[in-house]
Amino acid sequence: MQDDKLQPELKTGTVLKDTEREYTITEVLAHGGFSIVYSARTDGEDEVVIKEIFPNTDEFFRNIHQVVWCLDPYTGEKYRKLAEREYHYGNEIVSKSTSGRMIVLQQPLQIESIDGYPCKDMAEGYYYLLESVRGKGMFLEDLLKKINACDPEYQRFSRVYVAANITFQILEVLKDIHEAGFIHGDLSFANLFVNEPDLETGDLGTISILDFGATHKVEELSGEYEVNASTLRNMAPEIRTKCGDVSYNSDVYSVGMMMWDMLFYHTAEGKRRDSFSDRERDTFISPSAAIKLGCRNREEVRLLNAILKQSVSMDPQKRYFNASQMGNDVSRLIRMLEMPEE
Ligand SMILES: Nc1ncnc2c1ncn2[C@@H]1O[C@H](COP(=O)(O)OP(=O)(O)O)[C@@H](O)[C@H]1O
Ligand SMILES: [Mg+2]
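Residues numbered from 1 in each chain as written. Chains lettered and ligands numbered in written order. Predicted model: local features only at pLDDT ≥ 70, side-chain atom pairs only at ≥ 80, totals over all residues.

**A look at unusual backbone geometry**
The criterion, for reference: By definition, any uninterrupted DSSP run of H or I lasting at least four residues is a helix, any uninterrupted run of E lasting at least two residues is a strand, and each is numbered from the N terminus. For the exposure call, what matters is how many other C-beta atoms sit within 10 Å of a residue's own: 20 or more marks it buried, 12 or fewer exposed, and in between partly exposed, using C-beta atoms placed from the backbone.
For E45, which is not glycine, the phi torsion reads 75 degrees and is therefore positive. Mapped onto the elements, E45 comes out in the loop between strand 3 (35–42) and strand 4 (47–53). The exposure class assigned to E45 is exposed, which follows from the 6 C-beta atoms found within 10 Å. Phi is positive for D211, which is not a glycine, with a value near 65 degrees.

**Overview of the packing of helix 4 (residues 159–179) against helix 6 (residues 248–264)**
The following threshold applies: What counts as an axis is a line fitted to C-alpha atoms, over the stretch in contact for a helix, and the angles between N-to-C directions run from 0 to 180 degrees. Any angle that is under 35 degrees is reported as roughly parallel, and any over 145 degrees as roughly antiparallel; angles of 65 to 115 degrees are reported as roughly perpendicular and all others as oblique. Handedness of each helix crossing follows the sense of rotation of the near helix against the far helix: counterclockwise by less than a right angle gives left-handed, clockwise gives right-handed. In this description, a residue-residue contact is defined by the distance between C-beta atoms placed from the backbone, which must lie within 7 Å. The residue classification treats Ala, Val, Leu, Ile, Met, Phe, Trp, Tyr, Cys and Pro as nonpolar and Asp, Glu, Lys and Arg as charged. All others, Gly included, are polar.
Running from N to C, helix 4 and helix 6 point in directions that differ by 160 degrees, and their axes come no closer than 9 Å. By the angle between their axes, helix 4 is roughly antiparallel relative to helix 6. For the pair helix 4 and helix 6, the sense of crossing is right-handed. Contacts between helix 4 and helix 6 pair R159, V160, V162, A163, I166, T167, I170, L171, L174 and H178 from the former with Y248, D251, V255, M258, M259, M262 and L263 from the latter. Taken together, the residues that form the contact of helix 4 with helix 6 break down as 13 nonpolar, 2 polar and 2 charged.

**Description of the nonpolar core**
Selection rule: A set of buried residues qualifies as a nonpolar core if it consists of Ala, Val, Leu, Ile, Met, Phe, Trp, Tyr and Cys joined through C-beta atoms within 7 Å. What fixes the domain bounds is an automatic or database domain assignment.
Membership of the largest hydrophobic core comes to 77 residues, with the highest contact counts inside it found for A163, I170, L174, V255, M262 and L304. Summarising the domain contributions, this core has at least three residues from each of domain 1 (4–130) and domain 2 (137–338). Setting aside residues no more than four positions away along its own chain, L304 makes contact with V160, I285, A290, C295 and L333.

**Topic: the sheet that holds strand 13 (residues 206–210)**
What counts, and what does not: Two strands are said to pair when DSSP picks up at least two bridges between them.
Reading across the sheet, the 4 strands line up as 5-13-12-10 and stay open at both edges, with mixed pairing between neighbours. Either end of the sheet is taken by a strand with one partner, and the two such strands are strand 5 (102–103) and strand 10 (137–139). Note: strand 5 against strand 13, 2 bridges, orientation parallel. What sits directly across from I103, in strand 13, is L210. Contacting strand 10 and strand 12 (192–195), helix 3 (residues 140–149) crosses the sheet at an angle of about 100 degrees to strand 10. Strands in contact with helix 4 are strand 5, strand 12 and strand 13; relative to strand 13, the strand with the most contacts, it is inclined by about 50 degrees.

**Topic: the site of ligand 1**
The test is simple: Near residues are defined by distance alone, with the backbone-placed C-beta atom required to lie within 6 Å of the molecule or strand.
Residues in contact with ligand 1 amount to 21 residues; listed here are only the nearest, A30, G32, V37, V133 and D211. For the shell around ligand 1, the class distribution of residues is 11 nonpolar, 6 polar and 4 charged. Shared between two domains, the shell around ligand 1 holds at least three residues of each, these being domain 1 (4–130) and domain 2 (137–338).

**Details of the confidence of the model for the protein**
Let me state the cut-off plainly: Per residue, pLDDT captures the predictor's confidence, and it can take any value from 0 to 100.
Considering every residue of the protein, the mean pLDDT works out to 83; 81% of them sit at 70 or more. The lowest-confidence element of the protein is helix 1 (residues 59–65), averaging 43 in pLDDT; the highest-confidence one is helix 10 (residues 323–338), averaging 98. Note that pLDDT drops below 50 for residues 1–8; the model gives that stretch 14 contacts with residues more than four away or on any other chain. This model gives residues 56–74 a pLDDT under 50, and the stretch forms 27 contacts once residues within four places in sequence are excluded.

Dropping the structure here:
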């Protein structure tokens, strides 16, 4: 049987050369189901990120890097199209956006050689350059772990306040994506970057969205939606089961799941609840649990539950229509939580 787990083929020290510059791989940052993300240094010493979208089917390339493929010859073309879509859609969204808080593929690289081995005609469309965000903040995943590791006594804000604020920020950027006519399709803590948070002062930083690999134009969504998101937990049921129409409210589901997870990430390791049963979905948060999270009165509990109910509902029709609509309620909750206690 062939191994369908692909090995990272570029190692630390590998030198890629495109038509203009050389890039030396300094680190493999992430190895996902659809791509490998590398940190690299240019010959001018700039730090950049290179995203390689699977697979590269060049025979010669395979021989020198001993990559194991179990994919048919057409899959290469399919993946190249995925990469192109990620590139074009991401840039279209950025050009229409007002917040500009998205990290997208900047430019395709046409690799001419790898470690001095020429590889003409094979790499175009598979390698893309991104601005590196390393050192500018952290991924939301890591921020939540940090907040979690703080002693609750010293945590400046209640859990519900932190969850509502981060959720609102996500929705602000997502609103731009929806207004441009797209759904993101893969919202998760690993695909959100927080610029310059400062836990000492309680500043939660500014959120940017990245990874437009599952992004679709809503007007082109008729017919079958191609599932290529990586975070199954956050995936709306209509996407997971391929039953029902995929639209803006499929992203709303993912945001609702993240809000739920931010409320209930509960150990020092930042371990999240891994089950979200139908029962929990019906009952939602009891007043006593909501008080533990930081709600102070019945209005706050009611609004929090209403927000969750209208975002993680199994039935897309019962969800908020889009990011903007959910944002209105979340900002109302934040204003309530900010009111001084009577
Ligand atoms: N511009 C970047 N700067 C620094 N790290 C990045 C950047 N882009 C991606 N990464 C890292 O690589 C991971 C995977 O990138 P992503 O675009 O989400 O690819 P995938 O489609 O494989 O999920 C991210 O979660 C992050 O850790
Ligand atoms: Mg990702």
